[in-house]
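So the chains spell out like this:
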Amino acid sequence: MLICMLPDRPITELFAQRGTLRSLEFFPPKDEAGVEALRQTAEALRRIGPDFVSVTYGAGGSTRERTAHVSDFLRRDFGFTVMPHLTCVGHSRAELETLADRINDGGFRNVMALRGDPPKGDPSFSQAPDGLRHASELVALIRARQPGICLGVGGYPEKHPEAPSAEADLANLRRKVDAGADFVTTQLFFDNGVYFRFVDRCRAAGIAVPIVPGIMPVLALKQIQRFTSMCGASLPQKLVRRLEAAGDQPDVLEAIGIDWALSQIRGLLERGAPGYHLYILNRARSALTLAAGLAA
Ligand code: FAD
């Protein structure tokens, strides 16, 4: 039987229709067992009906094919609107154009366009031969090649670690939006004040697109200390003290993480955030518990 699937709807249309959007982020698993586990996670998450899901893009090798594979089955078998991520790392312009065509031909109408993190072991990003240096260039490339694709980009409320100043980083975000980005998803943060100050600075700099807060429900203190030290986000002392007091009890730590994320999301939506994007680390439980908490 030939199944004819309509292309996804661009996220810009979903914003216009629904006002606020809830989205979830997956990463491509390392092996087939992980892919199977991800299918089960997706099945469990179907019932909370996210507006869209995104799939990250690794720095090289088979993980990149898994992004395509996972994106395909999340769309085809689970009916999600899927936004694959794409990065400049290791790709020439010609390869990026081919990838943009392939994404469009696969029925996707949304891409998160990023420069990307360097491969493990490389101390810094280096431009591929005939490749791109900045995410703004990738936005421009996809916009020219596939104008029907809606483009998200990353934003950094506490500054990208490599940027010399918050002003320089903001000027870069403006370049990405001027090149054609339709919305911004932020790096994770744990203090809503950080997000609202960032949005104010963006608006003052003429960035008018939706800025979606990225929220990560914490699972463990060491893990979140590692993430935040890599991405430059700050960890409030109040949260650290609560996690320290929980010691080595995974269920208690997870409950604290969910409680913190729940109050962040409530506060964000009350003050007009255009939705929220959950970094769920391929786990269904925190997203399901948060959805139940928000519905209560
Ligand atoms: P850019 O916007 O290019 O910025 C990178 C740095 O260069 C910044 O310091 C910026 O200020 C500076 N810069 C940019 N343009 C200029 C210019 N013209 N002149 C001078 N300086 C400039 N990584 C992955 O590998 N895969 C993923 O799937 C992935 N998903 C992500 C999703 C989100 C929502 C976010 C926020 C991040 C994600 N990342 C991912 C991490 C991201 O790739 C890294 O943060 C990376 O270091 C920067 O990517 P970028 O797209 O923000 O780069």
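Residues numbered from 1 in each chain as written. Predicted model: local features only at pLDDT ≥ 70, side-chain atom pairs only at ≥ 80, totals over all residues. Heavy atoms only, no water.

**Student:** Let's hear about the overall build of the protein chain: which residues, and what values?
**Tutor:** Of regular secondary structure, the protein chain possesses eleven helices and eight strands. Dimensions of the protein chain, computed from the C-alpha atoms along their principal axes, are close to 50 × 50 × 40 Å. The burial tally for the protein chain puts 53% of its 296 residues in the buried class. Look at the contacts in the protein chain between residues 6 or more apart in sequence, and 78% of them connect residues 24 or more apart. Roughly 13,800 Å² of accessible area belongs to the protein chain as shown, and the carbon and sulfur atoms make up 53% of that amount. (Helix = DSSP H or I, 4+ residues; strand = E, 2+ residues; numbered from the N terminus. Buried < 20%, exposed > 50% of the residue type's maximum accessible area, 1.4 Å probe, protein only. Contact = heavy atoms within 4.5 Å. Areas by Shrake-Rupley, 256 points an atom, 1.4 Å probe, with all protein chains shown as cover.)

**Student:** Provide a residue-level description of the packing of helix α6 (residues 166-178) against helix α7 (residues 192-204), including the pertinent values.
**Tutor:** Where α6 contacts α7, the two axes come as close as 10 Å, and the packing angle between them is 65 degrees. For the pair α6 and α7, the sense of crossing is right-handed. Here Ala166, Leu170 and Leu173 of α6 come into contact with α7, specifically with Phe198, Arg201 and Cys202. Looking at the contact of α6 with α7 residue by residue, the classes come out as five nonpolar, no polar and one charged. (Axes fitted to C-alpha atoms, helices over the stretch in contact; angles between N-to-C directions. Left-handed = near helix turned anticlockwise from the far one by under 90°. Nonpolar A, V, L, I, M, F, W, Y, C, P; charged D, E, K, R; others polar.)

**Student:** Quick rundown of the packing of aromatic side chains? Include the residues and the values.
**Tutor:** According to the stated counting rule, one finds six aromatic pairs in the structure shown. Centroid distance Phe15 to Phe183: 5.9 Å. Interplanar angle 65 degrees. Geometry classified as edge-to-face. Separated by 168 residues along the polypeptide, Phe15 in helix α1 (residues 11-18) and Phe183 in strand β6 (residues 183-188) bring together distant segments of the chain. Of the two residues, Phe15 and Phe183, both sit in the buried class. Centroid distance Phe189 to Tyr195: 5.6 Å. Interplanar angle 10 degrees. Geometry classified as stacked. You'll find Phe189 and Tyr195 in the same group, each marked buried. Aromatic ring contacts, followed pair by pair, group Phe15, Phe52 and Phe183 into a single cluster. Cation over ring: Arg39 sits above Phe73, and NZ or CZ is 4.2 Å from the ring centre. Its guanidinium or amino end placed over the ring of Phe196, Arg271 lies 3.8 Å from that ring's centre, counting from NZ or CZ. (Phe/Tyr/Trp six-rings, centres within 6.5 Å; stacked < 30°, edge-to-face > 60°. Lys NZ or Arg CZ within 6 Å of the ring centre and 35° of its normal.)

**Student:** Describe the sheet that holds strand β4 (residues 110-114), and please don't skip the residues or the numbers.
**Tutor:** Taken in spatial order, the eight strands close into a barrel running β1-β2-β3-β4-β5-β6-β7-β8, and their pairing is parallel. Neighbour to neighbour, the strand axes of the sheet diverge by 30 degrees on average, direction disregarded. As defined by bridge partners, strand β1 (residues 21-26) adjoins strand β8 (residues 275-279) across five bridges and the pair is classed as parallel. Within β8, the residue paired with Leu21 across the bridge is Gly275. On the sheet, helix α5 (residues 135-145) packs against β3 (82-87), β4 and β5 (150-155) and is oriented at approximately 150 degrees with respect to β4. Together, β5 and β6 form the strand contacts of α6, whose direction differs from that of β5 by roughly 175 degrees. (Pairing = 2+ DSSP bridges.)

**Student:** An account of the packing of helix α2 (residues 32-46) against helix α3 (residues 62-76) is needed here, citing residue identities and associated values.
**Tutor:** Look at α2 against α3: their axes get within 11 Å of each other, and the N-to-C directions meet at 30 degrees. The angle between α2 and α3 places the two elements in the roughly parallel class. In the crossing of α2 with α3, the sense of the turn from one axis to the other is right-handed. On the side of α2, the interface is formed by Glu32, Val35, Leu38, Arg39 and Ala42, while α3 contributes Arg66, His69, Val70, Phe73, Leu74 and Arg76. Here the contact of α2 with α3 is built from residues that sort into six nonpolar, one polar and four charged. (Parallel < 35°, antiparallel > 145°, perpendicular 65-115°, else oblique.)

**Student:** How would you explain the side chain of Arg64 if you had to name every residue and give the values?
**Tutor:** Here Arg64 shows up in helix α3. It is Glu95 that comes nearest to the buried, bridge-free Arg64 among opposite-charge side chains, at 6.5 Å. At 3.4 Å, the side chain of Arg64 forms a polar contact with the side chain of Thr87. Discounting residues that sit within four places of it in the chain, Arg64 has contacts with Tyr57, Gly58, Ala59, Thr87, Val89 and His91. (Lys, Arg positive; Asp, Glu negative; His and termini not counted. Salt bridge = Lys/Arg side-chain N within 4 Å of Asp/Glu carboxyl O. Polar contact = N/O pair within 3.5 Å; in protein donor to acceptor, adjacent residues only side chain to side chain.)

**Student:** Which residues make up unusual backbone geometry, and what values do they have?
**Tutor:** Of note, Asp130 is a non-glycine position whose phi angle comes to about 55 degrees, a positive value. Unusually for a residue other than glycine, Lys159 sits at a positive phi of about 80 degrees. With respect to the helices and strands, Lys159 occurs in the loop between β5 and α6.

**Student:** Kindly report on helix α4 (residues 93-105), identifying the contributing residues and their values.
**Tutor:** If you check α4, its first and last C-alpha atoms are 18 Å apart, about what 13 residues at 1.5 Å a residue would give, namely 18 Å. Along α4, the residues that are buried comprise Leu96, Leu99, Ala100, Asp101, Ile103 and Asn104. Looking at the buried positions of α4, the neighbouring elements they touch are β3, β4 and α5. Phi for Gly107, located one or two positions after α4, is positive at around 95 degrees. (Expected span 1.5 Å × (residues − 1).)

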